Amino acid sequence: MFSFTFAIMSMKRSRFRYRFDNLMSRGTPALLVGLSLAPATIIALVSPILIVFDLSPHDSTPVSEIIWTTFMHTYDPSQIAYDEGDWVYKLVVFIACLGGLFILSALIGVLTTGFDNRIQELRKGKSPVIESDHTLILGWSKQIFHTIGELVIANANRRDACVVILAEEDKLQMEDMLRLKIPALRSTHIVCRTGSPRDLTDLEIFSPNKARSIIILPPDDDPRPDISVIKTILALVNNPRRKKEKYSIVAMLADETSNNTVRLIAKDEAHIVLSDVFISNLITQTCRQPGLSNVYTEF
């Protein structure tokens with residue numbers, strides 16, 4: 001009989017520990033709820049003892065006053081210094097103070113940890129971007145600094161222009177590089193986020209349906225950058241949650257043969273810049289026309 005009772009108690013203890021572990025693993029909100037209910041448990045245990053054994057130092061103390069006193073001792077342990085009564089009463093309220101001290105310490109730790117975790121999540125660049133009529137840049141390359149520099153000049157007549165960048169680089173590193181290369185942003189503010197331009201989930205948090213234009217830059221470290229650009233265009237135009245209106249996409253390709261693939265995918269939604277062909281034509285023209293390089297440099 002004793003072994004059976006012990007087995008039942010062990011099973012209940014294991015189930016309680018399992019539920020407690022599940023509560024702890026749910027994160028800061030669940031811990032805050034649990035710590036908010038813990039003082040109610042202390043009050044429910046201590047108040048009946050004071051009422052049943054009539055341990056209150058004052059005669060005819062109302063029940064509500066005893067509950068309030070226990071509540072104050074739970075949340076403010078310093079109240080025990082002003083208590084009047086015998087040692088039994090002080091011992092009972094000391095238990096309430098000790099439990100409250102533990103709960104408050106845990107509550108401060110949970111709040112601090114939760115706040116720190118939230119800051120770390122924001123630094124990862126995964127929070128949604130609530131912008132509209134913005135310029136969305138997908139990808140990161142050495143050309144992005146010149147691109148943003150031209151956008152800053154173009155947005156000079158706008159009061160609150162926004163450029164949103166989605167790339168696989170670290171958010172803080174992108175912001176530091178942009179701050180170093182482009183110190184004067186004028187009326188343009190830049191929002192950087194970390195993610196894959198080819199991932200539909202990452203694209204959704206950047207509001208591509210509300211963007212006025214989308215610029216796709218090929219990565220520098222990819223041996224086949226056109227493939228990355230084509231995949232990004234596919235993710236945009238074939239997104240089931242895309243807008244009905246046409247996108248205004250500007251993309252850069254290195255291989256002229258990739259242009260036909262993009263035309264087949266995006267039709268007239270994408271404007272393609274062939275970097276190799278453009279540079280070759282530019283070099284040829286500047287060789288045949290002296291002084292033309294100065295004009296292009298000015299442009």
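Residues numbered from 1 in each chain as written. Predicted model: local features only at pLDDT ≥ 70, side-chain atom pairs only at ≥ 80, totals over all residues. Heavy atoms only, no water.

Visitor: Any chance you could explain the nonpolar core here in plain terms?
Guide: Within soluble globular proteins, side chains that are nonpolar generally end up buried alongside one another. Judged by nonpolar contacts, the single largest core of 28 residues is most densely connected at L138, I214, I216, I233 and I249. At the level of secondary structure, the elements contributing two or more residues to this core comprise β1 (135-138), β2 (161-167), β4 (213-216), α8 (225-237), β5 (249-253), α9 (258-266) and β6 (270-274). Broken down by element, this core gets its largest block of residues, six residues, from α8. With 16 residues, the next largest nonpolar core counts L151, V163, I165 and L217 among its residues. (Core = buried A, V, L, I, M, F, W, Y, C linked by side-chain atoms within 4.5 Å. Buried < 20%, exposed > 50% of the residue type's maximum accessible area, 1.4 Å probe, protein only. Helix = DSSP H or I, 4+ residues; strand = E, 2+ residues; numbered from the N terminus.)

Visitor: Please clarify how a negative patch on the surface should be interpreted in this entry.
Guide: A surface patch of negative charge is lined by E169, D170, D220 and D221. Tracing the backbone through its elements, the reader meets D170 in the loop between β2 and α6 (171-181). (Patch = residues over 30% accessible without salt bridge, like charges linked within 9 Å, V, L, I, M, F, W, Y side chains within 5 Å. Areas by Shrake-Rupley, 256 points an atom, 1.4 Å probe, with all protein chains shown as cover. Salt bridge = Lys/Arg side-chain N within 4 Å of Asp/Glu carboxyl O. Lys, Arg positive; Asp, Glu negative; His and termini not counted. Charge placed at Lys NZ, Arg CZ, Asp CG, Glu CD.)

Visitor: What is the right way to read the packing of helix α2 (residues 28-52) against helix α3 (residues 63-75) from this model?
Guide: Each pair of packed helices gets described by two things: the angle between the helix axes and the distance between those axes. Their axes nearest at 9 Å, the elements α2 and α3 cross at an angle of 135 degrees. On the basis of their axis angle, the class for α2 and α3 is oblique. Crossing of α2 over α3 shows right-handed handedness. Contact with α2, carried on its side by S36, P39, I42, I43, V46, S47, L50 and I51, involves V63, I66, I67, T70, F71, T74 and Y75 of α3 and no other residues of that element. (Axes fitted to C-alpha atoms, helices over the stretch in contact; angles between N-to-C directions. Parallel < 35°, antiparallel > 145°, perpendicular 65-115°, else oblique. Left-handed = near helix turned anticlockwise from the far one by under 90°. Contact = heavy atoms within 4.5 Å.)

Visitor: Mind showing me how you'd approach unusual backbone geometry here?
Guide: We note that D133 has phi near 55 degrees; this positive angle belongs to a residue other than glycine. Structurally, D133 can be placed in the loop between α4 (87-123) and β1. Within the chain, R186 stands out as a residue other than glycine whose phi angle is a positive 55 degrees. Examined against the element boundaries, R186 turns out to sit in the loop between α6 and β3 (188-194).

Visitor: Help me understand the side chain of D226, please; the structure alone is not making it clear to me.
Guide: Checked against the element boundaries, D226 lands in helix α8. Dropping the residues within four chain positions of it, D226 is found in contact with L253, A254, D255 and S258.

Visitor: I would appreciate a short explanation of the sheet that holds β1 in the present structure.
Guide: Hydrogen bonds between backbone groups are what pair the strands of a sheet, and the pairing can be parallel or antiparallel. Overall, parallel pairing links the six strands, which are arranged β3-β2-β1-β4-β5-β6 in an open sheet. The open sheet has two free edges, formed respectively by β3 and β6, since each of these has just one partner strand. Each strand axis lies, on average, 20 degrees off the axis of its neighbour in the sheet, ignoring direction. Strand direction decides the pairing type here: β2 and β3, joined by seven bridges, are parallel. Paired with V164 across the strands is V191, a residue of β3. Docked against the sheet, helix α5 (residues 144-154) engages β1, β2, β3 and β4, running at close to 175 degrees with respect to β1. (Pairing = 2+ DSSP bridges.)

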